[in-house]
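Architecture at a glance
If you want the building blocks of each chain, they are given just below.
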Amino acid sequence: MLGFRIIKIYLVFTLLLAFMMLGFEIAKAGDLSSVTASLSVISSLTASNHTITFKITTAGSLKQINLIWGKSPSDSNKPSGLSLVAATLSGSSGLDGNWSMDDSQESNGILKLANGSGQAFNTDDQISVTFSTITNAGLGQCTTEAKMYDNCNIDIVTYSDAGSSAVDNGSITYMIQDDPTLEFTISGVNSGTATNGMTTNISTQYNKIDFGHIVIDDVLYGAQKLKVTTNAANGYSVRAKIDGYLQGLYPANKIDPFAAYNASWSNPVAWESPFGTDANTDTGWIGANTSDTRVPDWNSASAKFGPMSSTKHAVMTSDSPDSGTEAYLTYALEVSVLQPADTYSGIIIYDIVPTY
Amino acid sequence: MTKLFKKVTALTIALVMTFMFFTPAKAAMLYNAKVTLSNPKASDSSNYTFNMKVKTAGTVKGIKMAWLKAPSGSTQNPTTFDVSGGSLNASLTGIDGVWTLDHTDDGTDISYITKGAGTVLAGDTTIGWQLDGATNPSISGTSAGCSPNATNNSAGTCFIKITTFNTDTLSDLQDETPANIIDKTVIGFAVVSGTTMSATVDPTLSFTVTAVNSGTDVNDAGATVNASITSTFDTMAFGNLTVGSPKTAGHSLFVKTNANNGYTVTIRATTDAANANGVLKGQYAGNNIDGFGGDSEWTTPIAWASPTSTTANVVSGQVGVNSHDTDTVFNGGTAALWAPLQNASARPIMISAGPDLGTSATLITVAIEVNVYQPADVYTGTFQYNATPTY
């Protein structure tokens, strides 16, 4: 009876232990343990030192260790931007002095450590190797797209011979990550510059567009050049607006947004003269044209204009990083004889919203 | 033995449960992250609207925002940024309930929003919140503001480091205790200088007098009175007058102006005639032809009538004026009536309360008639129009 009870106890314990092993994967023969990878620089497409550390599981002599830089645990293909061509073994621990690096397969993302004499290892012996001057992969080349980071992978295989008889293997995922960047530049444009179907007839500065003394019934064109450089993974939008109106010194005097028939920012049209019959109501117009064909409804808008108003309108857009696209924003201004004499002014505000 | 069995079983189950269900959390990156400024003008007041997706599932109890000059390598904040007067907008996305904005570290441009009970978030959930009433940084290469671009001071770039926590304890948020961090990211934003746009519309005035041909209907009151002669812009040569037969001539006047308060065109004789009412003078001194009627006719014009005077050179001949501009005294029932051409006074014959495109003419008619007492002579005179805009 006592023996039966003891058997019951051991049976339950064993079953529970087995259950535990299913839920919590313990090291078994063939799997390296405590595998880590750390990078001195985690930025994409940048030279970095990669330090890989792991513990031996299967005791025995090892003659070769392969390290494979891949995209994921299930995809050992080398990420296109990652480069091992300049890699050197700059440090190690746990290896004797007979190990050397073989980079004959660096183009496949593989570095080999070879020891012709072999080195004996015990279970839980720790090996750490540092490779210098590895160029990290680019973002989106491993497992993660449209993010400011990516997760890449290194597989490790140990051999008891020169690469045929695998002993243990391991895999570690590491992250590369870029700091956000953003540079937005507004520049003036000289008179006489061709911009998307127009030729400017005034010169501007980054902070000033002065149309000067307007000739009635003549259209004036002045432009600014916009430039965006950013690594925002999901791109950006630049919008422009007038803060209020182009307002005269007398508050009632104003120049309206371009309002030709059917004109809107989503439907730019050719320039027309203001046709209002009452002063300050469509007797003067300010419109704008963007040369950025990525902006919706502006992919074929040469010499066309939309209203320039206190509503923000997209003037540059991208759905991915930008290495420095430039676009012209051209303003057109015309008044009829019914526009009251006055000095008009307003503030153009640009905003840029990158999405990382 | 049974007690021992129970203890062993319980201990084993406990160990199994521990290893099966305990997975140490690893901080990941917030993504699709952006901040939108309601007013991106440097040094102006603005709201900051944050929007992003969480990567790691968990209960978020605190969110930390740190405004920085650089995305990494430095904790320098743009010192001209000020969120001390800011408040948390009630509109939240993905994070429910009442969150509180903590101003403890405003001096180093660090803000926290916390909620004791937190919000349980699944991975890839979109969250958003808005801070109202912050003051934007300036554009500056110093620690004061956002670093300008490489070309000019049109825009400056700063960064915000955002971290989500599983605690609302301020000290843990301040220390960024690793075990409390759920996700994090750093995003960039720009402030701009603004562009001043200006234009000057000068006052404009264009006044044109054009001829009217003989035979043109110069009276718009129904009864046709055709011009007797063809004028030029600077002459009305009536030729030989027949006693008792009036003659008429016309001018078309155009005014193009942006005078917001309109304009007035007046007519006035400038002849140095023998008497005060004379508007045409003869070659012989003392001979003159007077204006038709007197001052009262410029209040209430009258119908044309032949001169009745029997005294030579005293209203034995007369010159009258009519205008088609109904904004003058010639409107309604007086549209076809007449008032005297005068030396003494400039009389309005064209009026506008506002600007004029200059595309519509105003017809001015001048009529002349003499009776038998008007001495034979060759009579000449001058009159002028005067256009006066009010801007």
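Every value quoted in this text rests on a predicted model; they were computed, and no experiment measured them. (Residues numbered from 1 in each chain as written. Chains lettered and ligands numbered in written order. Predicted model: local features only at pLDDT ≥ 70, side-chain atom pairs only at ≥ 80, totals over all residues. Heavy atoms only, no water.)

1. Re the overall build of chain A
In plain terms, the rule: Per the convention used, a helix needs a DSSP run of H or I reaching at least four residues, while a strand needs a run of E reaching at least two, with both numbered from the N terminus. Note that the radius of gyration is over C-alpha atoms, with the globule rule given as 2.2 Å times the number of residues to the power 0.38. Categorising residues by exposure relies on relative accessible area from a 1.4 Å probe, with only protein chains included: less than 20% of the type maximum marks a residue as buried, more than 50% marks it as exposed, and the intermediate range marks it as partly exposed. Contact definition: two residues touch when any of their heavy atoms are within 4.5 Å. Per-residue and other accessible areas follow the Shrake-Rupley method at a 1.4 Å probe size, with only the shown protein chains counted as cover for residues. This count recognises Lys and Arg as positive and Asp and Glu as negative, with His and chain-terminal groups excluded. Here the site of a charge means NZ on Lys, CZ on Arg, CG on Asp, or CD on Glu.
For chain A, the helix and strand inventory stands at one helix and 23 strands. A globule of 356 residues ought to have a C-alpha radius of gyration of about 21 Å, yet chain A, at 34 Å, is considerably larger. Along the longest, intermediate and shortest principal axes, the C-alpha atoms of chain A span 110 × 60 × 30 Å. Evaluated residue by residue, chain A yields a buried proportion of 48% over its 356 residues. Across chain A, the fraction of contacts at a sequence separation of at least 24, relative to all contacts at a separation of at least 6, is 72%. Entry remark: accessible area of chain A is about 15,100 Å², with carbon and sulfur atoms responsible for 50%. Chain A carries 18 positive and 33 negative side-chain charges, and their two centres are separated by 9 Å.

2. Re a nonpolar patch on the surface
Residues and elements named next belong to chain B. Keep this limit in mind: Each patch is built from residues lacking any salt bridge and having more than 30% relative accessible area; the joining distance is 9 Å for like charges and 5 Å for nonpolar side chains (Val, Leu, Ile, Met, Phe, Trp, Tyr). Salt bridges are defined by distance alone: a side-chain nitrogen of Lys or Arg within 4 Å of a carboxyl oxygen of Asp or Glu.
A cluster of nonpolar residues, V243, V372 and Y373, forms a patch on the protein surface that exposes about 300 Å² of accessible area. Among the structural elements, V372 can be located in the loop between β21 (362-370) and β22 (383-389). Judged by its relative accessible area of 62%, V372 falls in the exposed class.

3. With respect to unusual backbone geometry
All names here are of chain B. If you check the backbone angles, N32 has positive phi at about 50 degrees while not being a glycine. Counting through the fold element by element, N32 comes out in strand β2 (residues 31-37). One non-glycine residue, D109, lies in positive phi territory at about 60 degrees. With respect to the helices and strands, D109 occurs in the loop between β6 (100-102) and β7 (110-121).

4. Topic: the interface of chain A and chain B
Filter applied, for reference: Summed over both partners, the accessible surface that disappears when two parts come together, traced with a 1.4 Å probe, is what is meant by buried area. Here a polar contact is recorded for every N or O atom pair within 3.5 Å, except that within protein the pair must consist of a potential hydrogen donor and a potential acceptor, and residues adjacent in sequence are included only if both atoms are side-chain atoms. Amino acids outside the nonpolar list (Ala, Val, Leu, Ile, Met, Phe, Trp, Tyr, Cys, Pro) and the charged list (Asp, Glu, Lys, Arg) are all regarded as polar, and Gly is one of them.
With 69 residues of chain A at the interface, the matching set in chain B holds 59 residues. Taking both sides of the interface into account, the surface hidden between chain A and chain B amounts to around 5,400 Å²; carbon and sulfur atoms contribute 67%. There are one salt bridge connecting chain A and chain B. Note that D217 of chain A is salt-bridged to K256 of chain B, the shortest N-O span being 3.9 Å. Scanning the region where chain A abuts chain B turns up 25 residue pairs in polar contact (both at pLDDT 80 or more). For the side of chain A that touches chain B, the secondary structure elements donating two or more residues are α1 (2-23), β9 (166-177), β10 (182-188), β13 (208-214), β22 (322-335) and β23 (342-354) of chain A. Ranked by the residues each element gives to the side of chain A that touches chain B, the list is headed by β23 of chain A, at 13 residues. Residues belonging to the side of chain A that touches chain B are distributed by class as follows: 41 nonpolar, 16 polar and twelve charged.

5. Thoughts on the nonpolar core
This is how the line gets drawn: Joining through side-chain atoms within 4.5 Å is the link that ties buried Ala, Val, Leu, Ile, Met, Phe, Trp, Tyr and Cys residues into a set, and such a set is a nonpolar core.
Of all hydrophobic cores here, the largest spans 84 residues; its most connected members are Y331 of chain A together with F50 and W129 of chain B. If sequence neighbours within four positions are ignored, F50 of chain B has contacts with K34, V35, M65, W67, I127, G128, W129, L131, I160, I162 and I187 of chain B. Among the nonpolar cores identified, the runner-up in size contains 30 residues, and I52, I56, V129 and I134 of chain A belong to it.

6. Considering the state of the cysteines
All names here are of chain A. Heads up, the rule is: Disulfide: a pair of cysteine sulfur atoms within 2.5 Å of each other.
Following the criterion strictly, the structure yields two disulfides over all chains and no others. Through a disulfide, C142 is tied to C152; the S-S separation comes to 1.9 Å. Torsion about the S-S bond of the C142 and C152 cystine: about 90 degrees, corresponding to right-handed handedness. Taken as a pair, C142 in the loop between β7 (126-135) and β8 (149-159) and C152 in strand β8 lie far apart in primary sequence, ten residues in all. Judged by its relative accessible area of 13%, C142 falls in the buried class.

7. Observations regarding the layout of surface pockets
All names here are of chain B. Note the cut-off: A cavity here means a set of points on a 1 Å grid, drawn over the protein atoms and nothing else, where a 1.4 Å probe fits but cannot get out; a pocket is an open set with protein on both sides within 12 Å along at least five of seven lines, and a residue lines either one if it has an atom within 4 Å of a point. Grid points are joined across faces, edges and corners, and a volume is the space filled by probe spheres set on the points.
Its volume calculated, the largest pocket comes out at about 730 Å³. Counting residues per element, the ones that place at least two in the lining of the largest pocket are β16 (278-281), β21 and β22. Residues belonging to the lining of the largest pocket are distributed by class as follows: 20 nonpolar, ten polar and two charged.

8. A closer look at the side chain of N253 of chain A
Looking at the secondary structure, you find N253 of chain A in the loop between β16 (246-248) and β17 (254-257). Judged by its relative accessible area of 4%, N253 of chain A is buried. Only 2.9 Å separates the side chain of N253 of chain A from the side chain of D342 of chain A, close enough to count as a polar contact. Once residues lying within four places of it in the same chain are set aside, the contact partners of N253 of chain A are L246, Q247, G248, N280, P340, A341, D342 and Y344 of chain A together with N260 of chain B.

9. Re the pattern of salt bridges
Residue and element names in this part refer to chain B. Counting across every chain of the model gives twelve salt bridges over all chains. Residues E176 and K161 are paired through a salt bridge, measuring 3.0 Å at the closest nitrogen-oxygen approach. Here the residue E176 occupies a position in the loop between α2 (170-175) and β11 (181-192), and K161 occupies one in strand β10 (residues 155-165), the gap between them amounting to 15 residues. With relative accessibility at 24%, the residue K161 sits in the partly exposed group.

10. Details of the environment of C142 of chain A
Considering only alpha carbons, one finds C142 of chain A and A341 of chain A, 199 residues apart in sequence, at a separation of 64 Å. Setting aside anything within four residues of it in sequence, one finds C142 of chain A in contact with G70, K71, P79, A137, D150, N151 and C152 of chain A.

11. Some thoughts on the sheet that holds β7 of chain A
Backbone hydrogen bonds hold the strands of a sheet together, and the pairing may be parallel or antiparallel. All names here are of chain A. Rules: For two strands to pair, DSSP has to find at least two bridges joining them. Geometry is summarised by axes, namely lines fitted to C-alpha atoms with helices restricted to the contacting stretch, and by angles between N-to-C directions that run from 0 to 180 degrees.
Taken in spatial order, the four strands of this open sheet run β1-β2-β7-β4, and their pairing is antiparallel. Looking at strand neighbours, the two that pair on one side only are β1 (33-39) and β4 (88-93), the edges of this open sheet. Strand-to-strand twist across the sheet, computed as the mean angle between neighbouring axes with direction ignored, equals 15 degrees. Judged from the five bridges that link them, β4 and β7 form a sheet pairing that is antiparallel. Counted as the bridge partner of S93 is S128 from β7.

12. A look at the confidence of the model for chain B
Residue and element names in this part refer to chain B. The condition is simple: A residue's pLDDT is the confidence the predictor assigns to it, expressed on a 0 to 100 scale.
Averaged over chain B, the pLDDT score is 92; the fraction of residues at 70 or greater is 92%. Taken together, the stretch residues 13-25 has pLDDT below 50 and engages in eleven contacts with residues farther than four places along the chain or on a different chain. Scored as a whole, the predicted complex attains pTM 0.83, and scored at its interfaces, ipTM 0.87.

13. What to know about empty space enclosed by the protein
Following the criterion strictly, the structure yields one cavity of 30 Å³ or more and no others. Taken as a whole, the largest cavity encloses approximately 40 Å³ of empty space. Along its surface, the largest cavity is lined by D351, I352 and V353 of chain A together with V35, T36, L37, P40, F189 and A190 of chain B. Among the elements of the structure, β23 of chain A together with β2 and β11 of chain B are those that each provide at least two residues to the lining of the largest cavity. Along the lines of polarity and charge, the residues of the lining of the largest cavity split into seven nonpolar, one polar and one charged.

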